2 protein chains.
Amino acid sequence: MKKLEEKIRECGEVRPGNILKVDMFLNHQIDPGLMEAVGQEFYRLFKDEKVTKILTVEASGIAMAIETARAFGVPMIFAKKSQSKNIDPDVYATDVYSYTHGNTNSVRVSKKYLNEDDCVLIVDDFLANGEAMNGLVRLCEQAGAKVAGCGAAIEKGFQPGGKGLRERGFHVESLAIVDEMDGDTGLLKFRQQEG
Amino acid sequence: MKKLEEKIRECGEVRPGNILKVDMFLNHQIDPGLMEAVGQEFYRLFKDEKVTKILTVEASGIAMAIETARAFGVPMIFAKKSQSKNIDPDVYATDVYSYTHGNTNSVRVSKKYLNEDDCVLIVDDFLANGEAMNGLVRLCEQAGAKVAGCGAAIEKGFQPGGKGLRERGFHVESLAIVDEMDGDTGLLKFRQQEG
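Residues numbered from 1 in each chain as written. Chains lettered and ligands numbered in written order. Predicted model: local features only at pLDDT ≥ 70, side-chain atom pairs only at ≥ 80, totals over all residues. Heavy atoms only, no water.

Q: Just checking my understanding: could you explain the overall build of chain A for this structure?
A: Looking only at helices and strands, one finds 5 helices and 11 strands in chain A. Relative to a compact globule of 195 residues, whose C-alpha radius of gyration would be 16 Å, chain A shows 16 Å and is just as compact. Projecting the C-alpha coordinates of chain A onto the three principal axes gives extents of approximately 50 × 35 × 35 Å. Looking at chain A residue by residue over its 195 residues, the buried ones come to 55%. Pairs at least 24 apart in sequence give 59% of the contacts found in chain A among residues at least 6 apart. (Helix = DSSP H or I, 4+ residues; strand = E, 2+ residues; numbered from the N terminus. Rg over C-alpha atoms; globule rule 2.2 N^0.38 Å. Buried < 20%, exposed > 50% of the residue type's maximum accessible area, 1.4 Å probe, protein only. Contact = heavy atoms within 4.5 Å.)

Q: Hey, could you run me through the confidence of the model for chain A in this one?
A: Detailed conclusions should not be drawn from predicted coordinates in areas where pLDDT is low. Looking at chain A, pLDDT values average 95 and 97% of them are 70 or higher. Both scores are available for the predicted complex, with the pTM at 0.97 and the ipTM at 0.96. (pLDDT = per-residue confidence, 0-100.)

Q: Please explain the interface of chain A and chain B as it appears in this structure.
A: A common way to state how big an interface is: give the accessible area lost once the parts meet. Each partner contributes to the interface: chain A provides 32 residues, whereas chain B provides 32 residues. Both sides together, the interface formed by chain A and chain B hides about 2600 Å², and carbon and sulfur atoms give 61% of it. Of all residues in chain A, A:His28, A:Gln29 and A:Tyr113 bury the most surface against chain B, accounting for 26% of the area lost on that side. Viewed at the interface, chain B and chain A are joined by 8 salt bridges. As a salt-bridge pair, A:Lys112 and B:Asp23 come within 3.8 Å of each other at their nearest N and O atoms. Where chain A touches chain B, the interface holds 14 residue pairs in polar contact (both at pLDDT 80 or more). Contributing elements (two or more residues each) for the side of chain A that touches chain B: β3 (29-30), α2 (32-46), α3 (62-72), β5 (76-82) and β7 (103-110) of chain A. Ranked by residues supplied to the side of chain A that touches chain B, first place goes to α3(A) with 6 residues. (Buried area = accessible area lost by both parts, 1.4 Å probe. Salt bridge = Lys/Arg side-chain N within 4 Å of Asp/Glu carboxyl O. Polar contact = N/O pair within 3.5 Å; in protein donor to acceptor, adjacent residues only side chain to side chain.)

Q: Quick question: what am I supposed to make of the relation of the copies chain A and chain B here?
A: Note: a rotation about an axis with an accompanying shift along it relates these two copies of the chain. Laying chain A over chain B is done by rotating through 180 degrees and shifting 0.0 Å along the axis; what remains is an RMSD of 0.0 Å. One copy is carried onto the other by what is essentially a two-fold rotation axis. In this assembly the copies share their binding face: 100% of the residues contributing to the interface of chain A also contribute to that of chain B. (Least-squares fit on C-alpha atoms with pLDDT ≥ 70 in both.)

Q: It is not clear to me how the packing of aromatic side chains should be interpreted in this structure. Could you clarify?
A: Geometrically, a pair of aromatic rings is defined through the distance of the ring centres and the angle of the planes. Taken as a whole and judged by the stated rule, the model has 6 aromatic pairs over all chains. Considering the side-chain rings of A:Tyr43 and A:Phe72, the 4.9 Å spacing of their centres and the 75 degrees angle between planes classify their relative orientation as edge-to-face. Within this pair, whereas A:Tyr43 is found in helix α2, its partner A:Phe72 is found in helix α3, the two being separated by 29 residues in sequence. When its relative accessible area of 34% is taken as the criterion, A:Tyr43 is described as partly exposed. Their ring planes at 85 degrees and their centres at 5.0 Å tell us that B:Tyr97 and B:Tyr99 sit as a pair that is edge-to-face. (Phe/Tyr/Trp six-rings, centres within 6.5 Å; stacked < 30°, edge-to-face > 60°.)

Q: What am I meant to see in the nonpolar core here?
A: Nonpolar side chains in soluble globular proteins tend to be buried together. The biggest cluster of nonpolar side chains holds 82 residues, and the ones touching the most others in it are A:Leu4, A:Ile54, B:Leu4 and B:Ile54. Ignoring anything within four residues of it in the chain, the contact list for B:Ile54 reads B:Ala65, B:Thr68, B:Ala69, B:Phe72, B:Val74, B:Pro75, B:Met76, B:Ile77, B:Leu121 and B:Val123. (Core = buried A, V, L, I, M, F, W, Y, C linked by side-chain atoms within 4.5 Å.)

Listed below in structure tokens is the structure:
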């Protein structure tokens, strides 16, 4: 998605340690016009998948998830993070490790809002090691729901998350895939994609 | 806002302890059409305030904040919650007590995204005791930014948050104000408002 790649080049920061800082427009301050475009692009890419729900995890995925839900005309659900070990019997829950924060959170969705009739499009801001995305897939599996696909705004193509999900047969679409980056030189190389 | 009051009556649950459960459409599963209407209503109510930024706090406020930002054509910022005591020198930070969770979080906004040229509309899903809203006001004060107003989807009119902010001179608008509720009888009484 050209508009997103341009925004990353213009406003993102490449830092040592494979950190791509996009908090000016994606995950702290957020550009609503860009989120609307992201939602419309996910609709274009997944419109044939009979999507009934959009699922993300708090907090950075929520803005693009609500725009995606609006494009599809279906409800959005955000999984809640909790450090607590007490699992409410009325939730689907799974542990997700965060490389960014170096901790593990339980992420949960109420059983009321996911079931075997659902066909779920999972979206998130980043797909790198795939911990969050795989956690959301597990919540769908617990519910017996079908996973329509996984959509990320930015994929770090040199980390294994996207590859792993594609090898398992999931329909994965990332709007910008970074294949190479270098915090010392500022190098940022996007994978060529159609559309 | 009639549409929100109707949705609360239709899908909300009044529970003992003054709990109004709206996780079917507002803060867990989210109705994107309703969020769009909420954003447009906040625009109608605050359009003369020269708003430059929409500010909320993660996570439940984000969906309506991005729709409000889209209606105004300005960026949205969500304050991040952290239990950590280490304050990054590059953030505005303040402590916010949560009655719901019984804990105190530090909420933070990068200094890059709020400054004295900003006129900030603060929005959140609930206004009850006003802890979160007042915390967001303090972040604006730290930045030297003007507070354009405070918008809540649902205000518990029998709790002191809204009254306190209005007495301090802030322009507060709540789209549905619950003046009375009773978890035993299911009573739910909205304040009559114009518009």
